[in-house]
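Notes for the structure review
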Amino acid sequence: MIRQDEEMIVPEGWGFVETIDRRDFLRLTSTGLLVAFAVKPPDDALRPVWNFAEQQRTPPDFNAFLHIGANGRVTLFVGKIEMGQGIITGLPQIAAEQLNVPLDRVDCVMGDTDLCPFDNGTFGSLSVWRLGPVLHAAAAEACAVLVQMASEKLGVPVAELTVKDGVVISRTDASKAVSYGELAGGKKIERRYEGQAALDKVSEYTIIGKSYPRPDARAKVTGKAMYAGDMVPTGALHARIVRPPVHGAKITSVDTSAAEKVPGVRIVRDGDLVAVLHAHRDEADQALKLVKTTFTPSPSALDHENIFAHLETVAVERRQVGAAGDVAAGEKSAAQVISAKYRKGYVAHSPMETHSAVASVAADGKVTVWASTQTPFPLQTQVARALKLAPEKVRIITPFVGGGFGGKSASQQAVEAARLAVAAGTPVRVVWSREEEFFFDTFDPAAVISIRAGLDGAKRIVSWDNDIIGSGGRGAAMFYAVPNHRTMTKGGWSGNQGGMHPFAVGPWRAPGANANVWARESHIDTLAAAAEMDPVEFRLLNLQNPRMRRVLESCAKKFGWTPKPGPSKRGFGVALGEDAGTYVVNMAEVKVDPATGAIRVVRVVCAQDMGVVVNPEGATQQMEGCIMMGLGYTLAEEVRFRNGEVLDRNYGGYSLPKFSWMPKIETVILDSPDLPSQGGGEPAIVGMGAVIANAVFDATGVRITRLPMTPARVRTALAKL
């Protein structure tokens, strides 16, 4: 819960502490055991790292704190945020496991720049995959320190002690025992363990690997959960901001005289930022309509149809992201060469909660911003720079986030709220309308992917030439046994390189991988058809990776796949992918209405090898969510635009997956105790475009090479048969 005086109420039982006042923090940490586990920060720690490989090479600075209170409760401080993906469950499980405490004794403070360790952001399926081992090591050190303290207190050698439910007990004399709370009570102890604290073995896990209910579930389904837009500091005003009508247009004049006459309205100007403020949102909306503005026209002549030709001709240098052998020589040895071009449009994030922020300025000039953001610490730097303040004069607090999918890595609304709060001298709430959400979204970029591949007489792939424009290299790595391959990219999903895009683009769940896997796996299926082979058998013939073969065979067994060359008229499809260290295979069954072109996905089976699974139910939910979301970019989601104007500004024209679209979903999570936990938030979505496209081909004999596969496009393709 959050009180409006900005203090914290620690919930009863296991839960999420949405915010905590610094005074409470000092009281909290003045008694008990505070264990700091530090990793040296990179030189570029104040900027978000969007390059996935770079994230792996240079992890953010985690000073992961575990606080053991005098009452025996554990408070976990992490810079990550909870936006529905479930790390509010998984990260405490990791800490509780190594500390040997019940999970319901662990509370979690997340995404608060005053209290939590630096973190670059919550994206890339990195939370359990990359932060998890850091928390595990921190908890191991805390446990080792506590056991040492118990040894000194009880007069029992460390080797003769064990820990159960937060109590250190002698192995030979149960009367000699002391709880974590007793060890930490009444004193502040900062102590480091000498040496390397031992980690529990996977075979010894009692908390990791089990499904636990989400501690945020009840608050969310009852409407008690607090989001950034729910914060109402005393005197807070709603801000409605004067916006240009199209991308690329510039405001040349603003007349606010009529709006100023509305009772209770305040007009605030801060450079190029002009806003109408009122205590009530609807009054601010009405006053905004009275503001008269003039604009320069947008210079853009692009639309959702000519964008692909533009992407191919824009002057941006290509770079090689993967290669082996000699592609030209491999192609010369091929018995047949098949080429195709795949295109997809822009896709919106469309989270349930629009971008929201509330900013307040304290008497000492410190600015606090409650923000719906995936990147609290980079946002702290952005706000500080915008206000010309030192970073420590800005506090970002991230309550629950109502969906992000990468789109809330950009936090324009929070900077706007902070600027307006300082200019107005009163707390300001900026909650984007749905129209603003669509207009200012950092879209998943349009892409053009051209693939040319060769088959030899033994039906093996001997050459692969992949040219990617717009979607970057994620998901494009070659895991098939192709001796001669090359992958080139031009542009990517982060930033507007060389004026490629008419508006902002950015990360969208598994950024770039959805397009790249769709193109690759569609082309693999095309090769299988040319070889007159069953799609699964063709993949196995050209696949040596034992881990991927195991996932493919497990998925085929669950699906009940029987070999048959395509198109078999069964409507079966298969697609393979690798994302965030996880190997994933999707299989699907579809029905296609030849009269309307409508695609109905009947069944999806998804198999994943994601290493040690922290919370199986949480992993399953992520897989199911990926499959549902993948239906959107595959079947319907596409941003229409013209000359800088976003034509789809609400759900009258932009379609999200509906309940009626949902297929039967079955999941398989392979047991891999020898592999550390890998990413789980995105892998299952990367193959959705491909698996449905391949199933449509199997059902109809038509290869759809543009996403989304709308009924009109399917109908047009069928007419050409």
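As a further point, take the overall build of the protein. Tallying secondary structure elements over the protein gives 19 helices and 30 strands in all. Referenced to the eigenvectors of the C-alpha coordinate spread, the extents of the protein come out at roughly 80 × 80 × 45 Å. Buried residues in the protein amount to 59% of all 721 residues. Counting only contacts in the protein whose residues sit at least 6 apart along the sequence, the fraction spanning at least 24 positions is 77%.

If you want to describe how two helices pack, look at the angle between their axes and the distance between the axes. Across the interface, helix α3 (residues 87–99) lies against helix α4 (residues 126–154) with an axial gap of 8 Å and an inter-helix angle of 30°. If you check the angle between α3 and α4, you find them roughly parallel. The way α3 lies across α4 gives a crossing that is right-handed. Within the contact between the two elements, α3 uses Ile87, Leu91, Ile94, Ala95, Gln98 and Leu99 and α4 uses Ser127, Val128, Leu131, Gly132, Leu135, His136, Ala139, Ala140, Ala142 and Cys143. Classifying every residue of the contact of α3 with α4 by side-chain character gives twelve nonpolar, four polar and no charged.

A separate point is the nonpolar core. In terms of nonpolar packing, the biggest core is built from 132 residues, with Ile599 and Ile692 touching the most fellow members. Among the elements that make up this core, the one with the highest residue count is helix α14 (residues 513–530) (eight residues). Summarising the domain contributions, this core has at least three residues from each of domain 2 (228–297 + 355–431) and domain 3 (307–347 + 443–719). Residues within four places of Ile692 in sequence aside, it is in contact with Val590, Ile599, Val601, Leu631, Thr634, Leu635 and Met709. Within the second largest apolar cluster, 44 residues are counted, among which are Val78, Ile87, Met110 and Leu131.

Our next topic: the packing of aromatic side chains. One pass over the structure, following the stated rule, counts 16 aromatic pairs. Ring centres 5.0 Å apart and planes at 80° place the aromatic pair Phe503 and Phe641 in the edge-to-face group. Taken as a pair, Phe503 in the loop between β23 (485–490) and α14 and Phe641 in strand β27 (residues 641–642) lie far apart in primary sequence, 138 residues in all. Note on accessibility: Phe503 and Phe641 belong to one class, buried. Sitting over the face of the ring of Tyr583, Arg547 holds its NZ or CZ atom 4.0 Å from the ring centroid. Looking at Arg703, its charged tip hangs above the ring of Phe697, at a distance of 4.7 Å from the centre.

Once that is clear, we can look at the domain arrangement of the protein. Taken as a whole, the protein is organised into domain 1 (2–222), domain 2 (228–297 + 355–431) and domain 3 (307–347 + 443–719). Spacing between the C-alpha centres of domain 2 and domain 3 amounts to 39 Å. Contacts between domain 2 and domain 3 engage seven residues on the former and eleven residues on the latter. For the domain 2 face of the interface with domain 3, the top three residues by lost area are Val246, His247 and Phe405, together amounting to 77%. Put simply, domain 2 and domain 3 have zero salt bridges between them. The tally of links between domain 2 and domain 3 comes to two residue pairs in polar contact (both at pLDDT 80 or more).

This part covers the sheet that holds strand β8 (residues 177–179). Spatial ordering of the open sheet is given by β6-β7-β8, a layout of three strands whose pairing is antiparallel. Looking at which strands have only one partner, the edges of the open sheet turn out to be β6 (161–164) and β8. The mean angle between the axes of side-by-side strands here comes to 25°, regardless of whether they run parallel or antiparallel. Bridge analysis of β6 against strand β7 (residues 167–170) gives four bridges, and the strand direction is antiparallel.

A few words on the pattern of salt bridges. Under the counting rule described, the total for this entry stands at 35 salt bridges. A salt bridge links Arg539 to Glu521, with the nearest nitrogen and oxygen atoms 3.0 Å apart. Of this pair, Arg539 sits in helix α15 (residues 535–541) while Glu521 is found in helix α14, placing the two residues 18 residues apart along the sequence. The exposure classification of Arg539 matches that of Glu521, with both residues buried. Two residues, Arg703 and Asp525, come together in a salt bridge whose shortest N-O distance is 3.8 Å.

The subject of this paragraph is the side chain of Arg570. Here Arg570 is to be found in the loop between α16 (546–559) and β24 (572–579). A polar side-chain atom of Arg570 sits 2.9 Å from the main-chain carbonyl oxygen of Thr562. Within the local environment of Arg570, its side chain forms a polar contact with the side chain of Ser568, the two groups lying 3.0 Å apart.

For the rest of this paragraph, the subject is the sheet that holds strand β17 (residues 356–361). Read across the sheet, seven strands follow the order β12-β13-β10-β20-β17-β18-β19 without closing on themselves; strand pairing throughout is mixed. Two strands lie at the open edges of the sheet, namely β12 (266–270) and β19 (394–397), each paired on one side alone. Between one strand axis and the next, the sheet turns through 25° on average, direction left out of account. Bridge count between strand β10 (residues 237–241) and strand β20 (residues 428–431): two bridges; the pairing is parallel. Across the sheet, His238 pairs through a bridge with Arg429, a residue of β20. The strands touched by helix α8 (residues 281–289) are β10, β13 (273–278) and β20; relative to β10, the strand with the most contacts, the crossing angle is about 30°.

The subject of this paragraph is the pairing of strand β16 (residues 336–344). Looking down a regular strand, the side chains alternate between one sheet face and the other. Two elements, β16 and strand β21 (residues 447–455), share nine bridges in a ladder whose sense is antiparallel. Pairing of Val337 across the sheet is with Gly454, part of β21. Bridging between β16 and strand β30 (residues 706–707) involves two bridges; their strand directions are parallel. Each bridged residue has a counterpart across the sheet, and for Lys344 the counterpart in β30 is Leu707.

So, about the confidence of the model for the protein. Counting all residues, the mean pLDDT for the protein is 91, and 90% of those residues have values of 70 or more. In this model, residues 1–14 is a region of pLDDT below 50 whose contacts with residues beyond four sequence positions or in other chains number 40 contacts. Long-range and interchain partners of residues 37–64, a stretch whose pLDDT sits below 50, account for 67 contacts in this model, where long-range means more than four residues apart.

The rules behind the values
- Residues numbered from 1 in each chain as written.
- Predicted model: local features only at pLDDT ≥ 70, side-chain atom pairs only at ≥ 80, totals over all residues.
- Heavy atoms only, no water.
- Helix = DSSP H or I, 4+ residues; strand = E, 2+ residues; numbered from the N terminus.
- Buried < 20%, exposed > 50% of the residue type's maximum accessible area, 1.4 Å probe, protein only.
- Contact = heavy atoms within 4.5 Å.
- Axes fitted to C-alpha atoms, helices over the stretch in contact; angles between N-to-C directions.
- Parallel < 35°, antiparallel > 145°, perpendicular 65-115°, else oblique.
- Left-handed = near helix turned anticlockwise from the far one by under 90°.
- Nonpolar A, V, L, I, M, F, W, Y, C, P; charged D, E, K, R; others polar.
- Core = buried A, V, L, I, M, F, W, Y, C linked by side-chain atoms within 4.5 Å.
- Domains from an automatic or database assignment.
- Phe/Tyr/Trp six-rings, centres within 6.5 Å; stacked < 30°, edge-to-face > 60°.
- Lys NZ or Arg CZ within 6 Å of the ring centre and 35° of its normal.
- Buried area = accessible area lost by both parts, 1.4 Å probe.
- Salt bridge = Lys/Arg side-chain N within 4 Å of Asp/Glu carboxyl O.
- Polar contact = N/O pair within 3.5 Å; in protein donor to acceptor, adjacent residues only side chain to side chain.
- Pairing = 2+ DSSP bridges.
- pLDDT = per-residue confidence, 0-100.

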